[in-house]
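Single-letter residue listing:
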Amino acid sequence: MKVLHLISGGETGGSKNHLISLLQQFNKEEVILGVFQEGKLSEEAREIGLPVVLFGQTSRYDFSVLKKIKTLIKEQQVTIVHTHGPRANLFTYFMKKQVNFKWITTVHSDPSKDFIKGGVKGKVFTWLNMKVLKEIDYFFAVSNRFKEMLVKFGLETSKIFVIYNSIPFGGVYEQKVTRNEIGVSETDFVIIMVARLHPIKGHELAFESINELSNEGYNQVKLLLIGDGPIETELKQKVEQLQLSEKIKFLGFQKDVHSYLALSDVKLLASYSESFPLVILESARAETPVISTDVGGVKDLISEHHFGWVVPVGEVEGITTAIKEAIEDKKNGALKEKAYRLKDRAIKEYSLQRLYNDTYGTYLKIKDEI
């Protein structure tokens, strides 16, 4: 069995980390990572010895790469093509009737919202994205909620497998950055968001919450933003308009996310849509409690209040209330207890071994049908 994992290559967040963690578990003779462009994904994959093939698109509309992909599939005798993201899905759609393989995609996000706020072009891409989904053989949904979503899109239940994300929990993870180095004090209540600067991630909800807290006298609250993205300028302008530049810090992309999580009091995920965000597992590993909107499979991990906070999507009030409760929990020593419970549960239920076993076992079932 040989599996080609096909992805754009420009990913910097959860899907990148998910894929690298997964492929590390496999025999390197059984998997190939195919990318359309160079990026942090291909760099990190090569660093750990994963087989990487660059197809070298000159633009996202460069269809000449189809021939390269088809040649690779035939020469390497690829039996399964496992795609990640709309671009990989689209190009595999154009190959499906020309080459013999089984097609799986992992649904990392709500496909109806992948091009949110994209204008007319976004609407066209969304329509195409949804059309292509109907042609895929099998789906890996990273939460039960995402499986339910796919069924509502008209996809057959028998084609959908729920396989949760995971990250490594073993090893030593050091905190290499201090609060002083990034301009926050030990007495500050530090909130961190690790997310692309993209409309779907809900940064403006967080800004409104920080503004409310500031107006109520919670001057010790600081928000760290880790990540880059298409609306960076827009978000910085919003922070200036709200006069929150002293409370909200843009730290850009950081490879060492653990250090920033570890120095923070709480992790905030304010997204409008997610599948199963790896960052909540990374927060658990760093022993940082989580406030999250009720998206994707978050409630599968944070199922009760003593594991953290899950608040309604799109509501500033819920985020603000949770932050106030977290501040009180820090004062009485209960905040870290939430983090410890979350970590223990994550280690037990979201191991890399479980991810590998579920994925490999499903591959074998699918391969036997070829």
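Everything numeric here is computed off the predicted structure, so don't read it as measured data.

Asks: It is not clear to me how unusual backbone geometry should be interpreted in this structure. Could you clarify?
Replies: A positive phi angle, close to 50 degrees, is found at Gln77, a residue other than glycine. Even without being glycine, Glu287 reaches a positive phi, approximately 60 degrees. Within the secondary structure layout, Glu287 lies in the loop between helix 11 (278-285) and strand 12 (290-293). A relative accessible area of 26% places Glu287 in the partly exposed class.

Asks: Can you walk me through the sheet that holds strand 1 (residues 3-7) in this structure?
Replies: Sheets are built from strands that pair by backbone hydrogen bonding, the pairs being arranged parallel or antiparallel. Reading across the sheet, the seven strands line up as 3-2-1-4-5-6-7 and stay open at both edges, with parallel pairing between neighbours. Where the open sheet ends on each side, the last strands, each with one partner, are strand 3 (52-54) and strand 7 (160-162). Averaged over neighbouring strand pairs, the angle between their axes works out to 25 degrees when direction is ignored. With five bridges connecting them, strand 4 (residues 80-84) and strand 5 (residues 102-107) associate as parallel partners. Bridge pairing in strand 5 links His84 to Thr106.

Asks: Sorry, what's going on with the pairing of strand 2 (residues 31-35) here?
Replies: Looking down a regular strand, the side chains alternate between one sheet face and the other. Counting buried residues in strand 2 gives five out of five residues, a clear majority hidden from the surface. With burial as the criterion, each face of strand 2 is covered, one bearing Val31, Leu33 and Val35 and the other bearing Ile32 and Gly34. Both strand 1 and strand 2 contribute to a ladder of five bridges, which runs parallel. Note on strand 2: the bridge partner recorded for Leu6 is Gly34. Of the crossover connections in this fold, the one passing from strand 1 over helix 1 (residues 14-23) to the parallel strand 2 is right-handed. One ladder, built from three bridges, connects strand 2 with strand 3; its direction is parallel. Among the inter-strand pairings, Gly34 is bridged to a residue of strand 3, identified as Val53.

Asks: Could you clarify how one ought to interpret a nonpolar patch on the surface in this entry?
Replies: A cluster of nonpolar residues, Tyr61, Phe63 and Phe94, forms a patch on the protein surface that exposes about 300 Å² of accessible area. With respect to the element layout, Phe63 can be found in the loop between strand 3 and helix 3 (65-75). Its relative accessible area of 35% is what places Phe63 among the partly exposed residues.

Rules behind the numbers
- Residues numbered from 1 in each chain as written.
- Predicted model: local features only at pLDDT ≥ 70, side-chain atom pairs only at ≥ 80, totals over all residues.
- Heavy atoms only, no water.
- Helix = DSSP H or I, 4+ residues; strand = E, 2+ residues; numbered from the N terminus.
- Buried < 20%, exposed > 50% of the residue type's maximum accessible area, 1.4 Å probe, protein only.
- Pairing = 2+ DSSP bridges.
- Axes fitted to C-alpha atoms, helices over the stretch in contact; angles between N-to-C directions.
- Right-handed = clockwise from strand over helix to strand, strands pointing away.
- Patch = residues over 30% accessible without salt bridge, like charges linked within 9 Å, V, L, I, M, F, W, Y side chains within 5 Å.
- Areas by Shrake-Rupley, 256 points an atom, 1.4 Å probe, with all protein chains shown as cover.
- Salt bridge = Lys/Arg side-chain N within 4 Å of Asp/Glu carboxyl O.

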